[in-house]
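In case you want the letters, here they are:
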Amino acid sequence: MSAPLLSAAGISRTYSSGGRRVVALDNASIAVARGETLGLVGPSGSGKSTLARILLRLIEPDAGRVDFDGVDLLSLRGEKLRATRRRIQMVFQEPLAAFNPRATVGGALADPLRIHGIAAPSERPAAVAHLLERVGLDPGLASRAIHEISGGQRQRVAIARAIATKPDLIVLDEAVSALDVSVRAKVLELLVGLQRERGIAYIFVSHDLAVVRAISHHIAIMDAGRIVEHGPAPDIVADPQSAAGRALVAAVPRLVLK
Amino acid sequence: MSETLARLSGLTVAYRTDGTSSIALDAVDLDIMAGERLALIGESGSGKSTLALALARLLPGTADVSGRISWPADGHAPLPGRDYGFVFQDAGASLNPVLPVGEQIAEVAQRHLGMAWREAYRRARNLLARVRIPQPDAVLRAYPHQLSGGQRQRVGIASAIAAQPRLLIADEPTSALDMVVQAEIVALLDELVREDGMTLLFITHDIALASGFADRIAVFRYGGLVEAGLAAEVLSRPTERYTAALIASHIDLSTPPLIAGGAP
C-alpha cells in the first residue's frame, strides 16, 4: 500500500461501567488507502464501533496516534478540526437517530452545505436536488419529512449528506445492517459506485463478514478490543489466522440447496 | 405422511390505527405439519411475524382476525407455554427483569407440568445446562440484565421449552445477535427440536439461515404467501420471481465481490 490516507496506531481506550474498568480498545492499529475500503469486523463488544468513533473524533482515546493525510488528527482543535471534519464523514446504522426527525430531507442535506460554506444560499436547492439524484432518489423528496420516508430511502439520504462535503473518507458503522436484503444490495452498489467515481475511502464497520468481504479491499478483524488480523480481503476470508477470524468465517450462513 | 398440526385457512389480520385499518396478513392458506421445521421468510412488512403472533394468539387488541386456524392433531387451540413455546427476537424484553432467571424457567415447569417447586427448579438448572449456558448454577440466580444478549436468548429458549411443548415458535431469534452467536443459537434450536421431536416454526428475513436446517420454506411478501414448498425445491427452483430475487440478493462468502479486482 502507498502512504495510507488514514492510519491509526496503538489506540487504547478504557471506560468504567458499574464500577468496573472495561478495556474497549487495546493497542489497536489499522490503515486505509485512498479510494479503498477497509472492512472492520468482529463480534458484539469487540471494540469496532469505539474505534470508528475515535477516528471521527467523537471519542478521545487514552493512548495512540491517528494520521490523516499527513496530519496528526488527534491534535487538531478548533477551526483546523472543523476543516478536517468536512473530509471525514459518517453513516450510522439507524439514520432516523442521526437526523433531527422533524427536519425535511432537503433541510438535512442543506445543513452541511451551509455549515461548511460549500454552496451559496441561492445554489443550495439545486445542490440538494443533485445530491438526491446521485443517490438514486427523486429530488421531489426534498420537501418530505425524514420520518415519512422508508428506512432504505433514509439511508440513501444519510449517504447523500455524507458525500455533500466531498469527503476523502466515510466511516460507515453497520450502515446496511438494518436494511432488508433487496434494499441492502442496492445500497451497497451505490456505495461502490460512489467510491469508483469519487475516490472516497470507506471504513466499513459490520458484524457481517460476508457483506464486509463483498465491499472491502482490506479487512481488519477485531476481538476483545484488539486487531487480531489485518490484510487483503480475499486472504483473510480464504485462510483466517486467528480464532476470531475462523469463527466469523464459519458463522456466515450459506445458501444450502441440499 | 405426518399429520397436520395446524391448518391456516384464509387467515387475514388487519391492524386498526387512528380509525384506519391496514392489512398485515391477507387470506393465507398454510398447513404446518407435526414434527417439521418450517421457515417463514420475508422482509419488513411481509406479515411473517403477524402470522406467528396469530398462531400463538398473541395479537394485540387492535388486530382484527378473520379466516380460520384449526388444530387437527390436538382438536383444541394450544395453551401458551404448555402446548407451544415462543422465542422472541428481544429476549431481554420477554423476560421478567426483576426475577432471577432460574425462577422464571421453574415457574413454567411448575405451572404446566405440575411439578413441585424443588423439582421444577432442578429442571430449570438442567435446562440451562441443556441450552449450554456456562456455569448454570450461577446463572440460575442471575437477573436478565446481568447476562449477554446471547445468554439471554438461551434463557428465553430454556423457558420456551420448559413445559415440553409440541411446537416451538421462534420469531427472528437471532436478529439482534452477532453472527457467531447467531450460528450457535441456530445450531442449538436445530438440536433441541430434533431431540425432542418438536415442530419448529422459524421466522427470519435470512433465506440462507433458513436453508441450513428447514424442511420446508414459506415465502411471504406484503402480507401474502408467495410460495411454499420443500426447502431444497423452493431454493433451487423457485416458481416466483420474488423468491428468485431474494435468493439473488443474498450475500455469502461465495458471492462475487462488488469491488473490481479485490485488493490491489
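Position labels on residues start from 1 in each chain and follow its written sequence. Chains and ligands are labelled by the order in which they are written, letters from A for the one and numbers from 1 for the other. Only residues with pLDDT of at least 70 are given local features in this predicted model, and only at 80 or more are side-chain atom pairs given and counted; all residues enter the totals for whole chains, interfaces and linings.

## Side note on the overall build of chain B
Moving on, step 1. Along its length, chain B carries ten helices and nine strands.
Moving on, step 2. C-alpha atoms define the radius of gyration, and 2.2 Å times the number of residues to the power 0.38 defines the globule rule. For 264 residues, the compact-globule estimate of 2.2 N^0.38 gives 18 Å, and chain B sits close to it at 19 Å.
Moving on, step 3. Each principal axis of the C-alpha atoms in chain B carries an extent, and together these give about 55 × 55 × 45 Å.
Moving on, step 4. By residue count, 43% of the 264 residues in chain B fall in the buried class. Helix and strand definitions here come from DSSP, where helices need a minimum of 4 consecutive H or I residues and strands a minimum of 2 consecutive E residues; each element is numbered from the N-terminal end. Here the C-beta atoms are placed from the backbone, and a residue counts as buried if at least 20 other C-beta atoms lie within 10 Å of its own, exposed if 12 or fewer do, and partly exposed otherwise.

## Here's the deal with the packing of helix α3 (residues 101-113) of chain B against helix α4 (residues 117-130) of chain B
What describes two packed helices is the angle between their axes and the distance between those same axes.
Residues and elements named next belong to chain B.
Moving on, step 1. In this description, a line fitted to the C-alpha atoms serves as the axis of each element, helices being fitted only across the stretch in contact, and the angle between N-to-C directions of two axes falls anywhere from 0 to 180 degrees. Interhelical geometry of α3 versus α4 gives an angle of 120 degrees and a closest axis separation of 8 Å. By the angle class used here, α3 and α4 are oblique. In this structure, α3 meets α4 at a crossing whose hand is right-handed. Residues Gly-102, Ile-105, Ala-106, Ala-109 and Gln-110 of α3 pack against Trp-117, Ala-120, Tyr-121, Arg-123, Ala-124, Arg-125 and Leu-127 of α4.
Moving on, step 2. Of the residues belonging to the contact of α3 with α4, the class tally is eight nonpolar, two polar and two charged. The labels follow the angle: roughly parallel below 35 degrees, roughly antiparallel above 145, roughly perpendicular from 65 to 115, and oblique for the rest. What makes a crossing left-handed is the near helix being turned counterclockwise from the far one by less than a right angle; a clockwise turn instead makes it right-handed. Any residue pair is listed as a contact if its two C-beta atoms, each placed from the backbone, are within 7 Å. When residues are sorted by character, Ala, Val, Leu, Ile, Met, Phe, Trp, Tyr, Cys and Pro go into the nonpolar class, Asp, Glu, Lys and Arg into the charged class, and all the rest, Gly among them, into the polar class.

## A word on the sheet that holds strand β2 (residues 20-33) of chain B
All names here are of chain B.
Moving on, step 1. Judged by pairing direction, the sheet is antiparallel, and its three strands sit side by side in the order β2-β1-β4 without closing on themselves. The two strands at the open ends of the sheet, each matched to only one other strand, are β2 and β4 (63-70). Within the sheet, the average angular offset between the axes of one strand and its neighbour, ignoring direction, is 5 degrees.
Moving on, step 2. As defined by bridge partners, strand β1 (residues 4-17) adjoins β4 across seven bridges and the pair is classed as antiparallel. At least two DSSP bridges between two strands are needed for those strands to be called paired.

## Regarding the interface of chain B and chain A
Moving on, step 1. At the interface, 32 residues of chain B touch 36 residues of chain A.
Moving on, step 2. At the level of secondary structure, the elements contributing two or more residues to the side of chain B that touches chain A comprise α7 (179-196), α8 (207-211), α9 (231-236) and α10 (241-249) of chain B.
Moving on, step 3. Classifying every residue of the side of chain B that touches chain A by side-chain character gives 17 nonpolar, eleven polar and four charged.

## What to know about the sheet that holds strand β1 (residues 6-17) of chain A
All names here are of chain A.
Moving on, step 1. Here four strands make up an open sheet; going across it, the order is β2-β1-β4-β5 and the pairing antiparallel. Strands at the two margins of the open sheet, each flanked by one partner only, are β2 (20-32) and β5 (71-72).
Moving on, step 2. With five bridges connecting them, β1 and strand β4 (residues 63-68) associate as antiparallel partners. Each residue of the ladder has a partner; that of Ser-7, found in β4, is Asp-67.

## Observations concerning the environment of Val-171 of chain A
Residues and elements named next belong to chain A.
Moving on, step 1. Its location among the elements puts Val-171 in strand β7 (residues 169-173).
Moving on, step 2. Residue classification places Val-171 among the buried residues on the basis of 28 C-beta atoms within 10 Å.
Moving on, step 3. Taking the C-alpha atoms as reference points, Val-171 and Ala-201, 30 residues apart in sequence, are found 8.6 Å from one another.
Moving on, step 4. Residues in contact with Val-171, not counting those within four places in the same chain, are Ala-52, Leu-55, Leu-56, Ile-88, Met-90 and Ile-203.

## Some remarks on the pairing of β4 of chain A
Residue and element names in this part refer to chain A.
Moving on, step 1. Sheet topology note: the β4/β5 ladder contains two bridges and is antiparallel. Along β5, the bridge assignment pairs Phe-68 with Val-71.
Moving on, step 2. The antiparallel pairing of β4 with β5 creates a hairpin that spans two residues between the two strands, and Asp-69 there sits at a positive phi of about 50 degrees.

## With respect to the environment of Arg-82 of chain B
All names here are of chain B.
Moving on, step 1. Structurally, Arg-82 can be placed in the loop between β4 and β5 (84-87).
Moving on, step 2. The class of Arg-82 is partly exposed, set by 16 C-beta atoms lying within 10 Å.
Moving on, step 3. A sequence separation of 80 residues divides Arg-82 from Ala-162, and the C-alpha atoms of the two residues are 8.5 Å apart.
Moving on, step 4. Setting aside anything within four residues of it in sequence, one finds Arg-82 in contact with His-112, Ala-163 and Pro-165.

## Observations regarding the confidence of the model for chain B
Residues and elements named next belong to chain B.
Moving on, step 1. Scored from 0 to 100, pLDDT reflects the predictor's confidence in each residue. Confidence in the prediction for chain B averages 93 pLDDT; 98% of positions are at 70 or higher.
Moving on, step 2. Mean pLDDT across the elements of chain B bottoms out in helix α2 (residues 91-94) (84) and peaks in strand β8 (residues 216-221) (98).
Moving on, step 3. The complex prediction reports pTM at 0.91, with the ipTM value standing at 0.86.

## Brief notes about helix α4 (residues 105-115) of chain A
Residues and elements named next belong to chain A.
Moving on, step 1. Those residues of α4 lying buried are Val-105, Gly-106, Ala-108, Leu-109, Ala-110, Pro-112 and Leu-113.
Moving on, step 2. Buried-residue contacts for α4 involve α5 (124-134) and α6 (151-164).
Moving on, step 3. Downstream of α4 by a residue or two, Gly-117 has a phi angle that is positive, lying close to 60 degrees.

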